[in-house]
Amino acid sequence: MQEIEVVDSHTGGEPTRVVLAGFPDLGGGPLDGRRRRLDRDCGALRLALTTEPRASLATVLAILTPPTCSAHATGVLYADSGGSLGMCGHGTIGLVHTLAAIGRLGAGRHSIETPVGPVEVELHADGAVSVDNVESYRFRKEVSCAVPGHGHVTGDIAWGGNWFFITGATPVALEPRNRDVLEAFTRAIRRALEEEAITGEGGAVIDHIELHAPASSTDADSRNFVLCPTLTYDRSPCGTGTSARLACLAADGRLAPGETFRQEGFTGSRFEASYRPGTRGIRPRIRGRAHLLARARLLFEPDDPLLRTLARNPDGA
């Protein structure tokens, strides 16, 4: 029987499942190559770890993998039920908190290796985690797509470790009571982008849709709603989405280097963010908190019919 050891946490309500042991060996070499092998060879297991009955669609995996050099505390591959991810902000905060809790990481600064490059993190004395994300930038400004029932929707295309279409065109208030409407709207935007062949740089799929509006309280600067590749919403303020938004604000001259931007998520949780200038765009810094939920050994019986079903359809739940 296969066993996989995991630690579950949440960052602002969004779950992270750190895979400590038992996952198939993805080989060596650059992490982007290991990411491709994860997508190619482990679809059924990825789904078994991120969907019912062991998880929910909001779950993001942080699969520990050896770094390519000793300068990094660990390597990590991120994935959810939709596939692998280049980077995950809330997941990195959850990863650092988890590694600290099990004695694998101490307070201070560390480097985490991801498929999109090294990410510097800092574990603070109060338990908060700061993530110095990969360089983020706006790729295109004021791009319009025709969304059925909503006319033309205009937004920016930006990179924050994942590709985002970011718009302030919201059909209803960004409040939990409107979740179904907001999910339908952002899914329609994603379909429109695909149908009109609107992409990120190099033809990359824009797999995250981010809506923004004024914050619901005076101690935050903005509120967002982010549709993830799993076609469900981010319960946290979304670290890569906040990074992409910072890149747009900086490009428009609306946020100065070092100035604090308080991002409120759809569920009311908060990230604090700032940036310093980068080579092409900005280098965002995201600060948040994670909390432990469980440590477990997940069991996979070889005669479980669910596993056979997932093996036949590894690209979708």
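Residues numbered from 1 in each chain as written. Predicted model: local features only at pLDDT ≥ 70, side-chain atom pairs only at ≥ 80, totals over all residues. Heavy atoms only, no water.

For this particular structure, what's the right way to read the environment of L31?
Within the element layout of this structure, L31 appears in helix α1 (residues 31-41). Judged by relative accessible area, which is 3%, L31 ranks as buried. Measuring from C-alpha to C-alpha, the distance between L31 and E113 comes to 7.9 Å, with 82 residues separating the pair along the chain. Residues in contact with L31, not counting those within four places in the same chain, are T65, P66, T68, G75, V76, L77, E113, T114 and P115. (Helix = DSSP H or I, 4+ residues; strand = E, 2+ residues; numbered from the N terminus. Buried < 20%, exposed > 50% of the residue type's maximum accessible area, 1.4 Å probe, protein only. Contact = heavy atoms within 4.5 Å.)

For this particular structure, what's the right way to read the nonpolar core?
Soluble globular proteins: nonpolar side chains tend toward being buried together. With 60 residues, the main nonpolar core has Y78, L95, C145, F165, I189 and L193 as its most contacted residues. No other element matches the 6 residues that helix α4 (residues 179-195) contributes to this core. Membership of the second largest hydrophobic core comes to 20 residues, among which are L31, I63, L298 and L310. (Core = buried A, V, L, I, M, F, W, Y, C linked by side-chain atoms within 4.5 Å.)

I tried to follow the environment of V119 on my own but got confused; where do I start?
Residue position: V119 is located in strand β7 (residues 117-123). Judged by its relative accessible area of 0%, V119 is buried. Placed 30 residues apart in sequence, V119 and G89 show a C-alpha to C-alpha distance of 9.9 Å. Leaving out residues up to four positions away in the same chain, V119 has contacts with M87, H110, S111, I112, T114, V131, D132, N133 and V134.

Would you mind going over the environment of L20 with me for this structure?
Within the secondary structure, L20 is located in strand β2 (residues 14-21). In this structure, the C-alpha to C-alpha distance between L20 and R36, residues 16 residues apart in sequence, is 20 Å. Contact partners of L20, with chain neighbours within four places excluded, come to E5, V7, L64, I102, R104 and R295.

Please clarify how the packing of helix α2 (residues 43-50) against helix α6 (residues 305-312) should be interpreted in this entry.
The contact between α2 and α6 brings their axes to 8 Å, and the two run at 125°. By the criterion of interaxial angle, the relationship of α2 to α6 is oblique. Along this stretch, α2 crosses α6, giving a crossing that reads as right-handed. Where α2 abuts α6, its residues A44, L47 and A48 lie against L307, L310 and A311. Of the residues belonging to the contact of α2 with α6, the class tally is 6 nonpolar, no polar and no charged. (Axes fitted to C-alpha atoms, helices over the stretch in contact; angles between N-to-C directions. Parallel < 35°, antiparallel > 145°, perpendicular 65-115°, else oblique. Left-handed = near helix turned anticlockwise from the far one by under 90°. Nonpolar A, V, L, I, M, F, W, Y, C, P; charged D, E, K, R; others polar.)

Any functional reading would require information beyond the geometric quantities listed.
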